[in-house]
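What the coordinates show
Listed below are the residues making up each chain.
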Amino acid sequence: MGASCILADALLPDGRHVDVTVVDGVVTAVEEAAPSAAGVPASLGDRSGEAFPRHDLGGMLLLGGLAEPHAHLDKALSAETVVNATGDLVGAITAWGGARGGISAENTMARALRAVEIAVEHGVTAVRSHIDVGTDIGARGVEAVGEVRRLCRRLVDLQLVALVGVPLTGPEGAGNRRALAAGLAAGADLVGGAPALDPRPAEYVNVCLDAAAEAGLPVDLHVDETLDPDARAVVDLARGVLDRGFPHAVTASHCVSLGMMPETDQREVAALVAEAGVGVVTLPQTNLFLQGRGLRTAPPRGLTALAALAEAGVRVAGGGDNLQDPFNLMGRGDPFETASLLVTAGHLLPDDALRRVSASARDVMGLPAAEARPGAVADFVAVEASSEREAIAAAPATRRTFKAGRLVAHTVRRVVVPGAPWA
């Protein structure tokens, strides 16, 4: 159950200063901020005589809780020990594949816990993480991160995707099919995979959809993570959803090849994706890191076709993907970083970019809206900024994270410049 409180003197993106009342984790009122009064206790508001904790935000910008729709908690923070020799996707897959069998559950848990802590510090209240399952490791990654989910249940909504290896199709894929079943039995919330790595991508998609239908679960696949414009696994996915009348949510992550297609093809594919109701997650930082290596002239940005998808009405979210591991040596675990890249590399407007890592991300994840309006979930981040643009650009260190009305993280930036003339 959520908490009850008053978030006092919050600045909303539309410029209003408001007091937000939260009861049992749900926003019940958003009213013009009451003037401060000397001698008023720090615990005000009441419901049936109960006092509500009061959090005085002092004009901090209040935003709906940020979300990370595509993470890899089992790989997070491993860049120092698992080295990508070539820097590209094949190098990352090779490095991680050679190392993962020797990584203990304790090590996985410790890194995943730290990654969740980093996310929550930055204002994230929901995370979807892909977790490897395969013949060599079974479902032990899902089990380890599942324990992290249990430990962090009051901090963050954590969804686990069983990311099955290859081969998955044919007789040679039997072991990985068993590993996928084990991952689902161990508590994974979604079926995941990477069709392009299998010798039969279209059949791979069908295996994943069938497994998800049988388990009654959603699907989130790594799709077309390549600059090859002929890669069309997203088409296979959309058609599979339509042909089956697949009843659960489906997400296509990456969709890099779509950004390389001719504009007419982009529109055709985007329309099909919209018809199938498939959500898309674009992952600018990791794809900027992995894609286009070796191309010295006009290297592509490795992003999906954001404009075509938006025009078709496809739900598009933005994610951070990998956090300091062989697939991406960088990353701060901050959705403002993703939003900034969507502005600079994806040419979105700041408010649109921020929506992709908050409201749109929650929508793709199947979570209810979190915003300052009555009836919404009281997941918020308050930041020291005067606008959405400034929040993205400055990524202020001073933040407060609220999960279902409960303050779960509070960071404060302290600046000391001894030599400054005003010091």
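Computed from a predicted model, the values in this text were never measured in an experiment.

The subject of this paragraph is the overall build of the protein. Looking only at helices and strands, the protein has 13 helices and 17 strands in total. Oriented by its inertia axes, the alpha-carbon framework of the protein measures out at about 75 × 50 × 45 Å. For the protein, with 423 residues in total, the buried portion stands at 54%. Put simply, of all contacts in the protein between residues at least 6 apart along the chain, 74% involve residues at least 24 apart. Accessible surface, the protein: about 17700 Å² in total, of which carbon and sulfur atoms supply 53%. Each charge sign in the protein was given a centre, from 36 positive and 51 negative side chains, and these centres are 3 Å apart.

Before going further, it helps to examine the sheet that holds strand β9 (residues 157-164). What links the strands of a sheet is backbone hydrogen bonding, and the strands pair in either a parallel or an antiparallel sense. The strand order β7-β8-β9-β10-β11-β12-β13-β14 describes an open sheet built from eight strands, whose pairing is parallel. At either end of the open sheet lies a strand with only one pairing partner, and these are β7 (66-71) and β14 (316-318). Adjacent strand axes in the sheet meet at a mean angle of 25 degrees, parallel and antiparallel pairs treated alike. Inspection of the sheet shows strand β11 (residues 219-223) paired to strand β12 (residues 250-254) by five bridges, in the parallel sense. Counted as the bridge partner of Asp 220 is Thr 251 from β12.

A few words on the environment of Asp 230. Mapped onto the elements, Asp 230 comes out in the loop between β11 and α6 (233-244). Put simply, Asp 230 and Glu 172 are 58 residues apart on the chain and 26 Å apart in space, counted from C-alpha to C-alpha.

Here we take up the confidence of the model for the protein. For the protein, mean pLDDT is 94; residues scoring 70 or higher make up 96% of the total. For residues 37-49, every residue scores under 50 in pLDDT, and the model assigns this stretch 17 contacts once sequence neighbours within four places are set aside.

Cut-offs used in this document
- Residues numbered from 1 in each chain as written.
- Predicted model: local features only at pLDDT ≥ 70, side-chain atom pairs only at ≥ 80, totals over all residues.
- Heavy atoms only, no water.
- Helix = DSSP H or I, 4+ residues; strand = E, 2+ residues; numbered from the N terminus.
- Buried < 20%, exposed > 50% of the residue type's maximum accessible area, 1.4 Å probe, protein only.
- Contact = heavy atoms within 4.5 Å.
- Areas by Shrake-Rupley, 256 points an atom, 1.4 Å probe, with all protein chains shown as cover.
- Lys, Arg positive; Asp, Glu negative; His and termini not counted.
- Charge placed at Lys NZ, Arg CZ, Asp CG, Glu CD.
- Pairing = 2+ DSSP bridges.
- Axes fitted to C-alpha atoms, helices over the stretch in contact; angles between N-to-C directions.
- pLDDT = per-residue confidence, 0-100.

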